[in-house]
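Structural features, examined
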Amino acid sequence: MSTARSDAATDSAMPDEPGEPDGQRERPRMPRRLALPDGLRPYRAPLLLYGVTKLVGLTVFAFLLEAAGDYRKKEPRFGGGAHWWDVLATWDGWWYLQVAEKGYDPRPLERLDPGGLFTVKQNSVAFFPLYPGLIRGVSEITGLGLFGSGILVSVLASFVAAAGIYAVVSTLAGVRAGTIAAGLWAVVPGAGVEWAVYSESLFVAIAAWCCYSVMKGRWLAAGLLAFVAGLNRPTSAALIGAVGLAALVTLARRDSRREHGVAAPVYAMVAAPLGLLTYVAWVGLSMGDLTAYFTLQREGWAHFFDFGAYSLDVLGNTAVGHHNYLFAFSVPDLIAVQVVLALPFLIALMLRKKPPLVLVAYTLASILTVLGTQQMFGNTPRYLLPCFPLLLAPAAAMGRLKWPSLAVFFTTAAVASGWYAHYVMFELGIP
């Protein structure tokens, strides 16, 4: 984290107390106030902005949940619970807690009766092991329950992710833009899962620091982080490909090859995909079918790559006010459509900034994966949450604003995010 600029304010030491007259005891000096290590000081502002903004959004979310009260009528597994915070551990969160508590049970695929939407029984092996493993580990170490441990892991990971976003953006556009980018990540559509029992915060933390490592030529760290990302989410394929492409280009250029050597980029290329491949292979071997993971996603959750056919179907239906498509949720879908329509503009602005290849490849591959896959369209903002490089241009542009204007923006966005980024996702759709 040493790349952030050193222009952050430093704590000034108190001057020495004047000496006492001879023969008198010297008065004890006042203790110095606790100071952060020099390497962490630049991260105070972005992490403070991120944390306060998220806390405001979560508070509004809790208020809306209590005001509506609908969550009390739902099953605890499907968006309900005795308390508002129980909602944060439903849907995918329920599966992660099951893995953390019981581990996996990779039985052969169990076929269901034909004619329904799902043709195989769902199995917890569809959820990658890193996040639930950390939940279990934190619970064992701290004594917290699994729910509390899951929230703790997500919250801590979200701050690491915000720090990583700050590191990347500040390197390219300055400290002010980096701070704003960390704040923006707290209020983007889909940000509601950042402090829930979901694996997005952990993945973005890994991805941001992995991209930063590539930018700094730290290939050993980049390869290791890409490997770990492969144990967290299947969408790590975009990050793995971006690291591999950046390493390949480095090896292809004489100057960069002379600067970075050959061994480190090659290591990154080889190590990056091993986590993802190992887990998918383990699922296949354990379930007696090497393609079991993909079959489970397709026939157990109706998620599969269809080259964008489903996304086009939703866009076409929404344009004429119809809902004749799978997984239709009107409010989340409308927000998702607006996000998708903004993507070409955000991509063009990002490319104008000429970011490093690893950021471009990672972002474009992630977007293509999301839009090219049949899944709940209303969750598109959540699936795009890892595309933090899209914040580069807006953060740089907002960096020209004075802090009073920025304060008004983030206050308004934080309050509004309690609805569009939290309530809409968990209560009006299925996250």
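Fair warning: this is a prediction, and the values are worked out from it, not measured in the lab. (Residues numbered from 1 in each chain as written. Predicted model: local features only at pLDDT ≥ 70, side-chain atom pairs only at ≥ 80, totals over all residues. Heavy atoms only, no water.)

1. Regarding the overall build of the protein
- When its secondary structure is counted, the protein shows 18 helices and 2 strands.
- Here the C-alpha coordinates of the protein stretch approximately 95 × 60 × 45 Å along the principal axes.
- Put simply, of all contacts in the protein between residues at least 6 apart along the chain, 74% involve residues at least 24 apart.
- Per element, the accessible surface of the protein, about 20,400 Å² overall, is 64% carbon and sulfur.
- Charge-centre separation for the protein: the mean point of 33 positive side chains lies 9 Å from the mean point of 28 negative side chains. (Helix = DSSP H or I, 4+ residues; strand = E, 2+ residues; numbered from the N terminus. Contact = heavy atoms within 4.5 Å. Areas by Shrake-Rupley, 256 points an atom, 1.4 Å probe, with all protein chains shown as cover. Lys, Arg positive; Asp, Glu negative; His and termini not counted. Charge placed at Lys NZ, Arg CZ, Asp CG, Glu CD.)

2. Things to note about the state of the cysteines
- On inspection of all chains with the given rule, the structure shows 0 disulfides.
- For Cys 210, which is in no disulfide, the shortest distance to another cysteine sulfur is to Cys 211 and amounts to 5.7 Å.
- Residue Cys 210 is classed as buried on the basis of its relative accessible area of 0%. (Disulfide = S-S within 2.5 Å. Buried < 20%, exposed > 50% of the residue type's maximum accessible area, 1.4 Å probe, protein only.)

3. Things to note about helix α18 (residues 403–427)
- For α18, spanning 25 residues, the distance from its first C-alpha to its last is 34 Å, which sits close to the expected 36 Å at 1.5 Å a residue.
- The principal kink in α18, of about 45°, is found at Ser 417. (Expected span 1.5 Å × (residues − 1). Bend = angle between axes of the 7 residues up to and from the residue.)

4. Brief notes about a nonpolar patch on the surface
- A surface patch of nonpolar side chains, about 320 Å² in accessible area, is lined by Leu 48, Val 52, Val 56 and Val 415.
- Among the elements that take part in the nonpolar patch, helix α1 (residues 44–68) stands out by supplying 3 residues, more than any other.
- Along the chain, the position of Val 56 falls in helix α1. (Patch = residues over 30% accessible without salt bridge, like charges linked within 9 Å, V, L, I, M, F, W, Y side chains within 5 Å. Salt bridge = Lys/Arg side-chain N within 4 Å of Asp/Glu carboxyl O.)

5. Focus on the pattern of salt bridges
- Evaluation of the coordinates by the stated rule reveals 10 salt bridges.
- The partner of Asp 92 in a salt bridge is Arg 382, and the shortest N-O contact between them spans 3.1 Å. A residue pair is termed long-range when its members are at least 10 positions apart, and Asp 92 in helix α2 (residues 92–102) and Arg 382 in helix α16 (residues 380–383) qualify at 290 residues.
- Relative accessible area serves as the criterion here: at 16%, Asp 92 is assigned to the buried category.
- A cluster of three or more residues bridged by salt bridges with shared partners is formed by Asp 92, Glu 200, Arg 233 and Arg 382.

6. What to know about the nonpolar core
- If you look at the biggest cluster of nonpolar residues, it comprises 114 residues, and the most contacted ones within it are Trp 185, Tyr 362, Phe 388 and Phe 426.
- When residues no more than four places from it in sequence are discounted, the contact partners of Phe 426 are Phe 61, Lys 74, Val 87, Leu 88, Trp 91, Gly 192, Val 193, Ala 196, Tyr 198 and Pro 431.
- Core analysis: the next-biggest nonpolar cluster, separate from the first, contains 10 residues, Val 370, Tyr 383, Cys 387 and Leu 390 among them. (Core = buried A, V, L, I, M, F, W, Y, C linked by side-chain atoms within 4.5 Å.)

7. Observations regarding unusual backbone geometry
- Even without a glycine there, the phi angle at Trp 91 is positive, about 55°.
- Residues other than glycine seldom take positive phi values, yet Phe 307 does so here, at roughly 60°.
- Relative to the elements of secondary structure, Phe 307 occurs in the loop between β1 (304–305) and α13 (309–319).
- We classify Phe 307 as exposed; its relative accessible area is 74%.

8. Here's the deal with the packing of aromatic side chains
- For the structure shown, the criterion picks out 25 aromatic pairs.
- With a centroid separation of 5.1 Å and 85° between ring planes, the pair formed by Trp 94 and Trp 95 is classed as edge-to-face.
- For Trp 95, a relative accessible area of 11% gives the class buried.
- The rings of Trp 94, Trp 95, Tyr 96, Phe 127, Tyr 131 and Trp 301 are connected pair by pair, giving a single aromatic cluster.
- The ring of Trp 195 has Lys 54 lying over it, and the distance from NZ or CZ to the ring centre is 5.9 Å.
- Here the basic side chain of Arg 298 rests over the ring of Phe 304, its NZ or CZ set 4.1 Å away from the ring centre. (Phe/Tyr/Trp six-rings, centres within 6.5 Å; stacked < 30°, edge-to-face > 60°. Lys NZ or Arg CZ within 6 Å of the ring centre and 35° of its normal.)

9. Here's the deal with the packing of helix α4 (residues 146–173) against helix α6 (residues 200–215)
- Remark: α4 packs on α6, axes separated minimally by 7 Å, with the N-to-C direction vectors making an angle of 30°. The angle between the axes of α4 and α6 places the two elements in the roughly parallel class. As for the relative orientation of α4 and α6, their crossing is left-handed in sense. Two secondary-structure elements touch here, α4 through Ser 154, Ala 157, Ser 158, Val 160, Ala 161, Ala 163, Gly 164, Ile 165, Ala 167, Val 168, Thr 171 and Leu 172 and α6 through Ser 201, Leu 202, Val 204, Ala 205, Ala 208, Trp 209, Tyr 212 and Met 215.
- Taken together, the residues of the contact of α4 with α6 sort by class into 15 nonpolar, 5 polar and no charged. (Axes fitted to C-alpha atoms, helices over the stretch in contact; angles between N-to-C directions. Parallel < 35°, antiparallel > 145°, perpendicular 65-115°, else oblique. Left-handed = near helix turned anticlockwise from the far one by under 90°. Nonpolar A, V, L, I, M, F, W, Y, C, P; charged D, E, K, R; others polar.)

10. Points about the packing of α4 against helix α5 (residues 175–187)
- Two elements in contact, α4 and α5, have axes separated by 7 Å at closest approach and are oriented at 145°. In this structure, α4 meets α5 at a crossing whose hand is right-handed. Here Ser 158, Ala 161, Ala 162, Ile 165, Tyr 166, Val 169, Ser 170 and Ala 173 of α4 lie close against α5, whose contacting residues are Val 175, Ala 177, Gly 178, Thr 179, Ala 181, Ala 182 and Trp 185.
- When its residues are assigned to classes, the contact of α4 with α5 shows 11 nonpolar, 4 polar and no charged.

11. Considerations on the environment of Leu 391
- Along the polypeptide, Leu 391 turns up in the loop between α16 and α17 (392–398).
- Classification of Leu 391 as buried rests on a relative accessible area of 11%.
- Discounting residues that sit within four places of it in the chain, Leu 391 has contacts with Ala 181, Leu 184, Trp 185 and Val 188.

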